[in-house]
Amino acid sequence: MKFIVRLLLSALAVVILSKVLPNVFVDSYITAVIVALALSLLNFIVKPIMVILTLPITIITFGLFLLIINALIIKLADFFVDGFNVNGWLWPIIFSFLLSCLQSILFSLLKEDKK
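Since the structure is predicted, the reported quantities are computational estimates derived from the model, not experimental observations.

Conventions used here
- Residues numbered from 1 in each chain as written.
- Predicted model: local features only at pLDDT ≥ 70, side-chain atom pairs only at ≥ 80, totals over all residues.
- Heavy atoms only, no water.
- Helix = DSSP H or I, 4+ residues; strand = E, 2+ residues; numbered from the N terminus.
- Expected span 1.5 Å × (residues − 1).
- Buried < 20%, exposed > 50% of the residue type's maximum accessible area, 1.4 Å probe, protein only.
- 1 Å grid on protein atoms, 1.4 Å probe; cavity = no way out; pocket = protein on both sides within 12 Å on 5 of 7 lines; lining within 4 Å.
- Points joined across faces, edges and corners; volume = space filled by probe spheres on them.
- Core = buried A, V, L, I, M, F, W, Y, C linked by side-chain atoms within 4.5 Å.
- Contact = heavy atoms within 4.5 Å.
- Salt bridge = Lys/Arg side-chain N within 4 Å of Asp/Glu carboxyl O.

(A) Highlighting helix α2 (residues 29-53). In a regular helix each residue adds 1.5 Å, so 25 residues correspond to 36 Å; α2 covers 34 Å between its end C-alpha atoms and thus fits that length. Within the span of α2, buried status applies to Thr31, Ala32, Val35, Ala36, Ala38, Leu39, Leu42 and Met50.

Following this line, the structure appears as structure tokens:
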């Protein structure tokens, strides 16, 4: 149940960011849920491999290269999900940063409801 709520909150964050950012497009709310699911799967499977392979670059850049890894995950989701489009390479970086911030805010509200 917790996974479904977090998935729906992530989909809400994707929809909000697609309305705010000019080069991020989501066709429908169902597509946003699929994007949230794809991002969670890619973050679970692909991201750890990419982090391990790029560990020296990440250490040299003091962790800033993780923004590039997150942008690559966003572009992979763009490739796999029809109806989701992020143009360029700067916009996935901005989208991933704002998505992380918005998700942390939404997930913290979820934790406060349990108390």
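(B) Local environment of the layout of surface pockets. Estimated volume of the largest pocket: approximately 380 Å³. Broken down by secondary-structure element, the contributors of at least two residues to the lining of the largest pocket are α1 (2-20), α2, α4 (65-80) and α5 (90-114). Looking at which element gives the most residues to the lining of the largest pocket, the answer is α5, with six residues.

(C) Region of interest: the nonpolar core. Core analysis: the biggest nonpolar cluster contains 30 residues, and Val14, Leu39, Phe84, Phe95 and Leu99 have the highest contact counts within it. Where this core is concerned, the elements lending two or more residues are α1, β1 (24-26), α2, α4, β2 (84-86) and α5. Other than its neighbours up to four places away in sequence, Phe95 contacts Val14, Leu17, Leu21, Val24, Ile74 and Phe84.

(D) Representation of the pattern of salt bridges in the model. Per the counting criterion, the structure on display carries one salt bridge. When the shortest N-O distance is used, the salt bridge between Lys75 and Asp78 registers 3.7 Å. Pair noted here: Lys75 and Asp78 are both in helix α4, with a separation of three residues, about one helical turn. Given the relative accessible area of 15%, Asp78 is considered buried.

(E) Up close: unusual backbone geometry. In this model, Phe62 sits at a positive phi of 55°, which is unusual for a non-glycine residue. Inspection of the secondary structure puts Phe62 in the loop between α3 (55-60) and α4. A residue is classified by how much of its surface remains accessible, and Phe62, at 78% relative accessible area, is exposed.

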